[in-house]
Amino acid sequence: MCWLQNKKEVKKVQINIYKDPMQKAYLFGTAVLYSEKPVPREDVPQHWYCYELRGTMLEPDRPYALVDLAMEHCAGSILSPLPLKKETAQSRLVKGKFELTSEYVRLAEFCSEYQIPQPQTPIRHMFRPASSTESGLFYALPPEKDEELGAIGHVRIDFGYKGREFWHTWWPRGPEELNTPEFKEELGKVVNDLRLGVLKDLPSMRRYCWGLENGAITGGTCCQNYGFTLETDRYIYRLRCNPTEGDYQAYLGCFDKQAQKQEMGLTEKGRQMLRDAADPSLPHQYSWYVIQDITHADQRVDQVLPLGEAIEHYMELDNEDKRLGVTKDDIATVDLVIRKDGREWISEDYQKLDSFAQDPVVAEAVGQIRQAMEEQTQGQAMTMGEMM
């Protein structure tokens, strides 16, 4: 068939060639896979070839030439099990040589049809984007919650100078006996594979996060964070990405499923608990916490107090890195007020989470916090006035 004249606008998000269907096509007589979305070069399987179709200024969406990378007028991407042009050639004209079918297939189906060895799916593509109700699981949790979820620890990662380096630190969060050689071996494989994609460098992380339609989570203080989860036979890995300069760019939380006190997170029981937490007709339990030095694990202090005492303690706490929040029904957690980097604000995250959005107890608590902050500001203003 000829090229579609009314081709829809190319989406900017990248395609996951291991999961997403692609359109079958024929180019120079070779069966290939076509995608309107860009194909990340780091995802191309070994012994496979990836190209882009380039249009012209007059017809930017109609393929005119096959190139390694189309700097302009990109008309789609080609994934091929065979080389389609000489490496030294900058381009190869495709006029009359490109046949786009109406059939959509996944990579595994394509390989099966043409008896091609199926590439193994990289670990990084076994991660799934987080749902909105899982946001709290990607941030620091109270010790009792870590114990409940079988936390082993987390890897803190930053990309260093100009976002091109890779620095990492291990922070234990559970019993040392959970940090077994078996776990260390699997963690090494997970991190090494992630370093080929999302954790390669800061630009790669930005492309990965911004190129996906899902995965955005609430809770970031300075920019949008993204969460991704991988579940293996024994372990759960939760990767939080913070694709901005001047901060730690990633936290990879590690959990032992065998050590969990309750099956939560990805299980149906956990999802039901989150649904119950969002149901205003059910009774709920609230645990108010104050945390200081949350970004420094060796100095961090957590306290659980009644609401009034928590507000009073937070207001009296002379610390530039502190927050006050609530855990509901031992499953959903959100920070309500945060002080960091010289700023202090009431977070609106609770309004975005199903577990808290319609909760009158939390809304009333936010009102009390706001009033306490205003009274403190007024008191400081009066003190300054008396000194002048």
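Above this text is the structure in question.
Each value, and the rule that gives it
- Residues numbered from 1 in each chain as written.
- Predicted model: local features only at pLDDT ≥ 70, side-chain atom pairs only at ≥ 80, totals over all residues.
- Heavy atoms only, no water.
- Core = buried A, V, L, I, M, F, W, Y, C linked by side-chain atoms within 4.5 Å.
- Buried < 20%, exposed > 50% of the residue type's maximum accessible area, 1.4 Å probe, protein only.
- Helix = DSSP H or I, 4+ residues; strand = E, 2+ residues; numbered from the N terminus.
- Contact = heavy atoms within 4.5 Å.
- Arc of directions from axis to C-beta.
- Expected span 1.5 Å × (residues − 1).
- Pairing = 2+ DSSP bridges.
- Axes fitted to C-alpha atoms, helices over the stretch in contact; angles between N-to-C directions.

Participant: Can you break down the nonpolar core residue by residue, with the values?
Facilitator: If you look at the biggest cluster of nonpolar residues, it comprises 28 residues, and the most contacted ones within it are Phe127, Leu199, Tyr237, Leu239 and Leu252. Among the secondary structure elements, those contributing two or more residues to this core are strand 9 (151-158), helix 3 (181-194), helix 4 (202-210), strand 12 (225-231), strand 13 (235-241) and strand 14 (250-256). Sequence-distant contacts of Leu252, defined by excluding residues within four places in its chain, comprise Phe127, Gly153, His154, Val155, Leu187, Val190, Val191, Leu194, Tyr237, Arg238 and Leu239. Among the nonpolar cores identified, the runner-up in size contains 27 residues, and Tyr314, Ile331, Val362 and Ala365 belong to it.

Participant: Let's hear about helix 6 (residues 307-316): which residues, and what values?
Facilitator: The complete set of buried residues in helix 6 reads Leu307, Ala310, Ile311, Tyr314 and Met315. The arc that holds every buried residue of helix 6, seen down its axis, measures 125°, which confines them to one face.

Participant: Explain helix 3 to me, using residue names and the numbers behind them.
Facilitator: Across its 14 residues, helix 3 extends 20 Å between first and last C-alpha, which sits within 8% of the 20 Å expected from 1.5 Å per residue. Looking at helix 3, one finds that the buried residues are Phe183, Leu187, Val190, Val191, Asp193 and Leu194. Axial view of helix 3: buried residues confined to an arc of 165°, hence all on one face. Along helix 3, the residues that are exposed and aim more than 90 degrees away from the buried face are Pro181, Glu185 and Asn192. Packing partners of the buried residues in helix 3 comprise strand 9, strand 10 (167-172), strand 12, strand 13 and strand 14.

Participant: Lay out the sheet that holds strand 5 (residues 74-80) with the relevant residues and their values.
Facilitator: If you walk across this open sheet you meet the seven strands as 6-4-3-5-2-1-7, and the pairing is antiparallel. Every other strand in the sheet has two partners, leaving strand 6 (91-93) and strand 7 (98-105) as the edge strands with one partner each. The sheet shows a mean angle of 35° between the axes of neighbouring strands, taken without regard to direction. Of the strand pairs in this sheet, strand 1 (residues 22-27) and strand 2 (residues 30-35) are connected by five bridges, and their pairing is antiparallel. Paired with Ala25 across the strands is Val32, a residue of strand 2.

Participant: Any chance you could break down the sheet that holds strand 15 (residues 286-292) for me, citing the residues and the numbers?
Facilitator: One open sheet holds the five strands; their spatial order is 16-15-17-18-19, and the pairing between them is antiparallel. Each edge of the open sheet carries a strand with a single partner, namely strand 16 (301-305) and strand 19 (343-346). Averaged over all neighbouring strand pairs, the angle between strand axes comes to 25°, with direction disregarded. One ladder, built from four bridges, connects strand 18 (residues 332-340) with strand 19; its direction is antiparallel. Looking at strand 19, one finds that Ile338 is bridged to Trp345. Packing of helix 6 onto the sheet brings it into contact with strand 15, strand 16, strand 17 (322-328), strand 18 and strand 19, and relative to strand 17 it is tilted by some 165°.

Participant: I'd love a proper account of the environment of Gln368, names of residues and values included.
Facilitator: Among the secondary structure elements, Gln368 is positioned in helix 8 (residues 360-387). Overall, the relative accessible area of 32% leaves Gln368 in the partly exposed class. Separated by 57 residues in the primary sequence, Gln368 and Ile311 place their C-alpha atoms 8.2 Å from one another.

Participant: Explain unusual backbone geometry residue by residue, including any values.
Facilitator: One non-glycine residue, Phe28, lies in positive phi territory at about 55°. Counting through the fold element by element, Phe28 comes out in the loop between strand 1 and strand 2. The backbone of Asp329 shows a phi angle near 55°, a positive value even though the residue is not glycine.

Participant: Could you give me a rundown of the pairing of strand 5, with the residues and numbers involved?
Facilitator: Counting buried positions over the seven residues of strand 5 gives six, a clear majority of the element. Relative to strand 5, strand 2 runs antiparallel, the two being bridged by three bridges. From the neighbouring strand, Tyr34 faces strand 5, where its bridge partner is Ile78. Sheet topology places strand 3 (residues 49-54) next to strand 5; five bridges connect them, and they run antiparallel. Counted as the bridge partner of Tyr51 is Ile78 from strand 5.

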